[in-house]
Amino acid sequence: MACRADARGGKNVAGGGGGGGGGGGKFMSRMVTTDQKPPRPEKERVDMVPRDVVERCIVALFEKRGSTREAAMEDLVGALEGHVSAREVSCKYTTIVSRCVFSLKKGSVREARLAYRAIGILALTLGGGGGGDGDATAGAKDVLAEAFPFLAKTVEASHDMAKVLAAIDSLAVATFAGEDGDDEIERSMDAIWGGVIDPSSAGPGGSKVASGDARKKTPEALAAAVSAWAFLLTVVHDRYEAEEGESCKDKIALLAKLLDDHDDRGVRVAAGEAIAACVELKLAHDTPPEDMEALNATVSYLATEPSGKGAGDKRRHAGQKDIFRQIEIFLDDGEAPTKSVRTSSSRQNVLKVTTWTKLLQLNFLTRYLGNGFHSHLQHNPLFGETFEVTGDEVEGLPAARKRMSRKQREKKRTLERRRCRETVWKEKNKFGLPEEEPESGTTALMLLPAPACCHHMLPPVHRQPHLLPPPAPTTASHMLPPVQQPILLLEY
């Protein structure tokens, strides 16, 4: 693929990544030492990450005892999730990465998974600035350069799917934060696609799994790989200009096959979102029309599919059906879904996305960071470069005007519902009595209702009160004789 022109040049950096100590987030308050101490409760939260916690974790990572290193790695991940400032780790990230690589080689499975996660969040932290004197993201670039060989090898060759799952997410996030050109993003995309999604497409430098030694991929690893690949696809097109006529025809064909044939709904959701992103980025322009029609039919079926094939709990199944319904609307009408996230407890700033590309980025980072997402959203400038945060006009008003604005919205909704009911009533009762005089040349027959004695011969009438017009005022109506309304039949 030809090199793209860097389109990021003049982005404004939002947020405040400088200063000591990040804010919020879930953090393990246990300070690691050589002595064993009881773990803290899982739900405990602190507002500030202690300044010396990273140094204590680094010291403990040099211990020979595996349980001590594992506890230190867990605390380090908790601190990074709570957003340690980039300035605080700018002089320590080389040591952190080297100890993480040691844990990948010598540690237990859990220690290795934590090390993968530490690499990814460390790159995110440094990607916001503070990594060097000249280039603000030099630290994140160094992390990616040092860790990529190990991450790619795990993605392409490891038989431990737990490690593969952790390495996929770490590789995607580290590339997002530390890429130094579109070629590095595409290198990571190729490693994920050729290593997990379609090993048969890997070239000479692709999958390291020997022939006859195919790995058994879990649905979770496959879904994570598709999501990570789609995430990086949106990043490369968001930051760099695509070459003319660029296409993902072959990849869309494989994603459509996963969407149609795979038994796991998580894999099908990831494939559907990736296809929606390809269509939005105009990478499906050369896909045959009959293939797109078949794809639309598959998405329409999945949007209404009953619980059964590949469905676990009912609530998750309903959420997945909503996603397919959004994809169906987008493929039919071009209308992308929207999502809003409050960025602070003051509720005055809102992050809003209105495209599939931004929605995929937001969902991926939200899932990866978990409880630490809001901390990074508030303090990491990289998130300010990626997403647009605007003020909420209603939440920024004084309390009295805020109540007035909400009352106005409620009044508007009430009027809209009333108009809707009137429109529906008129539509259902449009075959009522004619309001105009019969035209000349026609014969009007006036028929009166059948006598009471013949009522038993008529079929029963099922009245529907909600379709009838409101009754007229009943003032003194009991004093008047009943009036038989004539029925006009027109003959032409």
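Residues numbered from 1 in each chain as written. Predicted model: local features only at pLDDT ≥ 70, side-chain atom pairs only at ≥ 80, totals over all residues. Heavy atoms only, no water.

J.: Sorry, what's going on with the overall build of the chain here?
T.: Across its full length, the chain carries 17 helices and five strands. When the 492 residues of the chain are sorted by exposure, 41% land in the buried category. Residue pairs at least 24 apart in sequence account for 75% of intrachain contacts in the chain once pairs closer than 6 positions are excluded. Total accessible area on the chain is roughly 27500 Å²; 53% of this is exposed by carbon and sulfur atoms. (Helix = DSSP H or I, 4+ residues; strand = E, 2+ residues; numbered from the N terminus. Buried < 20%, exposed > 50% of the residue type's maximum accessible area, 1.4 Å probe, protein only. Contact = heavy atoms within 4.5 Å. Areas by Shrake-Rupley, 256 points an atom, 1.4 Å probe, with all protein chains shown as cover.)

J.: Could you clarify how one ought to interpret the pattern of salt bridges in this entry?
T.: A pair can form between side chains of opposite charge whenever their charged atoms are brought close. With the rule as written, the count across this model stands at ten salt bridges. Note that aspartate 180 is salt-bridged to lysine 141, the shortest N-O span being 3.3 Å. Taken together, the residues aspartate 180 in the loop between helix H7 (161-178) and helix H8 (182-197) and lysine 141 in helix H6 (residues 138-157) connect sequence positions 39 residues apart. Using a relative accessible area of 21% as the deciding quantity, one classes lysine 141 as partly exposed. Taken together, the salt bridges that share partners define one network made up of Glu70, Glu74 and Arg110. (Salt bridge = Lys/Arg side-chain N within 4 Å of Asp/Glu carboxyl O.)

J.: When you look at the packing of aromatic side chains in this model, what are you seeing that I'm missing?
T.: The geometry of two aromatic rings is summed up by the distance between their centres and the angle between their planes. If you walk through the whole model with that rule in mind, you get five aromatic pairs. Ring centres of tryptophan 193 and tryptophan 229 lie 4.9 Å apart, and the angle between their planes is 50°; this geometry places the pair in the tilted category. Note that tryptophan 193 is positioned in helix H8 and tryptophan 229 in helix H9 (residues 219-239), a separation of 36 residues in sequence. Residue tryptophan 193 shares its accessibility class with tryptophan 229, and that shared class is buried. Measuring from ring centre to ring centre gives 4.3 Å for phenylalanine 231 and phenylalanine 364, while their planes differ by 15°; the resulting arrangement is stacked. Remark: phenylalanine 364 occurs in helix H14 (residues 356-369) and phenylalanine 231 occurs in helix H9; sequence separation between them is 133 residues. (Phe/Tyr/Trp six-rings, centres within 6.5 Å; stacked < 30°, edge-to-face > 60°.)

J.: How should I be thinking about the environment of lysine 282 in this particular structure?
T.: Within the element layout of this structure, lysine 282 appears in the loop between helix H11 (265-280) and helix H12 (289-304). In this structure lysine 282 comes out as exposed when scored by relative accessible area, which is 63%. For the pair lysine 282 and glycine 245, spaced 37 residues apart in the sequence, the C-alpha separation amounts to 9.1 Å.

J.: Explain the packing of H11 against H14 here, please?
T.: The packing of two helices is summarised by the inter-axis angle and the distance between the axes. One can describe the packing of H11 onto H14 by two numbers: an axis separation of 9 Å at closest approach and a directional angle of 140°. Judged by residue contacts, Glu273, Ala276, Ala277 and Glu280 of H11 engage Trp356, Thr357 and Leu360 from H14. In terms of residue class, the contact of H11 with H14 is made up of four nonpolar, one polar and two charged. (Axes fitted to C-alpha atoms, helices over the stretch in contact; angles between N-to-C directions. Nonpolar A, V, L, I, M, F, W, Y, C, P; charged D, E, K, R; others polar.)

J.: Is there a simple way to explain H6 in this structure?
T.: Compared with an ideal rise of 1.5 Å per residue, which puts 20 residues at 28 Å, H6 spans 29 Å between its outermost C-alpha atoms and is within 8% of the ideal. Taking the largest bend as the criterion, H6 deviates by roughly 50°, centred on alanine 147, and proline proline 149 comes between one and four positions later. Every buried residue belonging to H6 is among Gly139, Ala140, Val143, Leu144, Ala147, Phe148, Leu151, Ala152, Thr154, Val155 and Glu156, and all of these are buried. Those residues of H6 hidden inside the fold are in contact with helix H4 (93-106), helix H5 (109-127), H7 and H8. (Expected span 1.5 Å × (residues − 1). Bend = angle between axes of the 7 residues up to and from the residue.)

J.: Can you help me understand a positive patch on the surface in this one?
T.: Judged by side-chain charge, Arg413, Arg417, Arg418 and Arg421 come together as a positively charged surface patch. Checked against the element boundaries, arginine 421 lands in helix H17 (residues 399-428). According to the relative accessible area criterion, arginine 421 is exposed, its value standing at 53%. (Patch = residues over 30% accessible without salt bridge, like charges linked within 9 Å, V, L, I, M, F, W, Y side chains within 5 Å. Lys, Arg positive; Asp, Glu negative; His and termini not counted. Charge placed at Lys NZ, Arg CZ, Asp CG, Glu CD.)

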